[in-house]
Amino acid sequence: MSKPSPSFRKPKVLLLENIHSVARDLFLQRGFEVEMLKSALSPQALVEKLKDYEVLGIRSKTSIPAEIFAKAPTFFAVGCFCVGTSHVDLDVAKAHGVPVFNAPFSNTRSVAEMVLSHIVALSRQIGQRNLEMHQGIWNKKSDGCYEVRGKTLGILGYGNIGSQISGLAESLGLRVVYYDVLSKLPLGNAKPYAEIEDVLRESDFVTLHVPLTSMTEKMIGPDEIKRMKRGAFLINASRGTVVDIPALVEAVKSGHLAGAAIDVYPEEPESNTKSFSSPLLGLPNVILTPHIGGATEEAQSNIGREVANSLIRHMTEGSTEGSVNFPIVYTQPVAMARHRLLNVHRNVPGVLKDINQIVSSSGANIQSQNLATDPEVGFLVMDFDRPLPAESIRQIDELETSIRTRIIG
């Protein structure tokens, strides 16, 4: 259980990894205190830092293991200013009453455009010609260079990014086939396949857009690459561990694949000051980019705005809209002359009865209440016409079922 937060304290926000300044500005406009750091922090340093903050904002370089939630119990929300949340232990965060928010849609266009540019660049060997020109080599040739019109693009993972690539690819004249573990409605003339192998076998280009799970780790290995067309191209802008890098290197060296474009890697430097090493270095017609799929001004601004607004609504209203690990409660701003209690609790019978009994005994009048649950936890939002007595708040927070209690207004 956490100590109930006083209603008068302005929440303090810690933003790591050079999150876009639009997020900082939004927090400041709402009266939050903000500290921004350009780099990530180690788990040990993060524990010490979080003792003074209620809200944490991170990007993809900061990992939040389970022990952090136990050692830094005073922060109320995590914002992942990126698409993925695999670097946060979501189940443990929920068990400690901490919702986690992300931005699943804000960078989709940026990634999709980059993948389309890679398709054209690989097909025309633009990366290779550019390297040669910088070395003073004039190598005007058409051998092995093709238009993308009429070729087949295979998309593994037809989610927010994959489906957007699908529409853009058709506008270039590509035929699109795809595979997804879930049934997804095809856009345009895209054709869903029931097996990954069929997508690999038919595609001139294969692009990966899958989450990091035990099922997707090294999902493209030696056997999968052998099933791809000779002369095909592989593009990975999803997660670094979904491709077996040694198998990819061997396929390019042997000529089975005509090239690849890789934006994510099993091991990535912690910052721009660190050097990068990979077996992929120096391979012909292999485009390597430093995890920049979503690195556009538009995407980072959109992400900053989306996640910051989710965190602001949670801290000022209790809304969990946009959370990836929490029961979803849609809220309105706290009305004038109203006071709001937020309670996270274990989802067992009788909790609402116990809380209502405490409130009733205090003499406070409940204006509204909203409860959402999942199999593990419940999240209750209650409004009152006057402040709930401190003793009543303490009693609610000390219920055996309570995980976290907070007061707004």
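Here the structure is a predicted model, which means the values were calculated and not measured.

**Q** An account of the packing of aromatic side chains is requested, with residue identities and associated values reported.
**A** For the coordinates displayed, the defined rule picks out six aromatic pairs. On the basis of an interplanar angle of 15° and a centroid distance of 5.2 Å, the ring pair of F205 and F233 is categorised as stacked. Taken together, the residues span a long stretch of sequence, with F205 in strand β9 (residues 205-208) and F233 in strand β10 (residues 232-236) at a distance of 28 residues. Each member of the pair F205 and F233 is classed as buried. Between F326 and F379 the ring centres are 5.7 Å apart and the planes differ by 70°, which places this aromatic pair in the edge-to-face class. With F326 in the loop between α11 (297-317) and β13 (339-346) and F379 in strand β15 (residues 377-384), this residue pair connects regions lying 53 residues apart in the sequence. A relative accessible area of 7% places F326 in the buried class. Seen from the ring of F76, R404 lies directly overhead, with NZ or CZ sitting 4.8 Å from the centre.

**Q** Would you mind going over the nonpolar core in detail, with residue names and values included?
**A** Core analysis: the biggest nonpolar cluster contains 31 residues, and L156, I220, L234, L248 and L257 have the highest contact counts within it. Mapped by element, the contributors of at least two residues to this core are β7 (175-179), α8 (196-202), β9, β10, α10 (245-254) and β11 (257-262). Contact partners of L156, with chain neighbours within four places excluded, come to Y179, I196, V199, L200, V206, T207, L208, H209, V210, M219 and I220. Counting residues in hydrophobic clusters, the runner-up holds 26 residues, among them L116, I161, A169 and I287.

**Q** Would you mind going over the side chain of N285 in detail, with residue names and values included?
**A** The topology assignment puts N285 in the loop between β11 and β12 (286-288). A polar contact is formed between the side chain of N285 and the backbone oxygen of L122, at a distance of 3.3 Å. Sequence-distant contacts of N285, defined by excluding residues within four places in its chain, comprise A121, L122, Q125, Q128, F233, A258, G259 and A260.

**Q** Quick rundown of the pattern of salt bridges? Include the residues and the values.
**A** Once their charged atoms are close, side chains differing in charge can pair, the charge on each being opposite to the other. Summed over all chains, the structure comprises 16 salt bridges. Linking K229 and D204 is a salt bridge whose minimum nitrogen-to-oxygen distance equals 3.1 Å. With K229 in the loop between α9 (222-227) and β10 and D204 in the loop between α8 and β9, this residue pair connects regions lying 25 residues apart in the sequence. On the basis of relative accessible area, K229 is assigned to the partly exposed category, the value being 32%. Residue classification places D204 among the buried residues on the basis of a relative accessible area of 18%.

**Q** Give me helix α13 (residues 390-397): which residues, what numbers.
**A** Those residues of α13 that sit buried are S392, I393, I396 and D397. Relative to the axis of α13, the buried residues are bounded by an arc of 135° and lie together on one face. Looking at the buried side of α13, the elements it contacts are β13, α12 (351-362) and β16 (402-408).

**Q** Outline α12, supporting the account with residue identities and numerical values.
**A** Between its first and last C-alpha, α12 extends 17 Å over twelve residues, near the 16 Å set by a 1.5 Å rise per residue. Those residues of α12 that fall on the buried side of the exposure criterion are V351, I355, I358, V359 and S362. Looking down the long axis of α12, one finds its buried residues gathered within 95° of arc, a one-sided arrangement. Structural note: α12 exposes K353, Q357, S360 and S361 on the side pointing more than 90 degrees away from its buried face. On its buried side, α12 packs onto β13, β14 (366-373), β15 and α13. Of the residues one or two after α12, G363 is the one with positive phi, at around 85°.

**Q** How would you sum up the state of the cysteines? Please name residues and give values.
**A** Counting across every chain of the model gives zero disulfides. No disulfide involves C82; its sulfur sits 5.0 Å from the nearest other cysteine sulfur, which is in C80. According to the relative accessible area criterion, C82 is buried, its value standing at 12%.

**Q** Could you give an account of the sheet that holds strand β4 (residues 77-80), naming the residues involved and the relevant values?
**A** With parallel pairing, the five strands of this open sheet are ordered in space as β2-β1-β3-β4-β5. With partners counted over all chains shown, the strands left at the sheet margins are β2 (33-36) and β5 (100-101), one partner each. Pairing between strand β3 (residues 55-58) and β4: four bridges, direction parallel. Following the sheet pairing, G57 is matched in β4 by G79.

Rules used in this analysis
Every chain's residues receive numbers from 1 upward, in the order its sequence appears when written. Only residues with pLDDT of 70 or above have their local features reported here, since the model is predicted, and side-chain atom pairs are shown and tallied only from 80 upward, although totals for entire chains, interfaces and linings are computed over all residues. Hydrogens and water are ignored here; the side-chain numbers use all heavy atoms of the structure. Between rings of Phe, Tyr and Trp, where Trp is taken as its six-membered ring, a pair exists when centres lie within 6.5 Å; planes separated by under 30 degrees are stacked, by over 60 edge-to-face, and by other angles tilted. Numbering goes from the N terminus for both helices and strands, where a helix is a DSSP run of H or I of at least four residues and a strand is a run of E of at least two. In this scheme, a residue with accessible area under 20% of its type's maximum is buried, one over 50% is exposed, and one in between is partly exposed, where area comes from a 1.4 Å probe on protein chains only. Lysine and arginine charges are scored as sitting over a ring when NZ or CZ, respectively, is within 6 Å of the ring centre and within 35 degrees of the ring normal. What we call a nonpolar core is a set of buried Ala, Val, Leu, Ile, Met, Phe, Trp, Tyr and Cys residues that are connected through their side-chain atoms within 4.5 Å. Only heavy atoms matter for contacts: two residues are in contact if any of them lie within 4.5 Å across the pair. Polar contacts, as used here, are pairs of N or O atoms within 3.5 Å; protein pairs need one atom able to donate a hydrogen and one able to accept it. Residues neighboring in sequence count only if both atoms are side-chain atoms. We define a salt bridge as a contact between a side-chain nitrogen of Lys or Arg and a carboxyl oxygen of Asp or Glu at a distance within 4 Å. Working note: the arc is built from the helix axis to C-beta atom directions. Multiplying 1.5 Å by the helix residue count minus one yields the expected span of that helix. Criterion for a disulfide: a pair of cysteine sulfur atoms at a distance within 2.5 Å. Only when DSSP finds a minimum of two bridges between them are two strands counted as paired.

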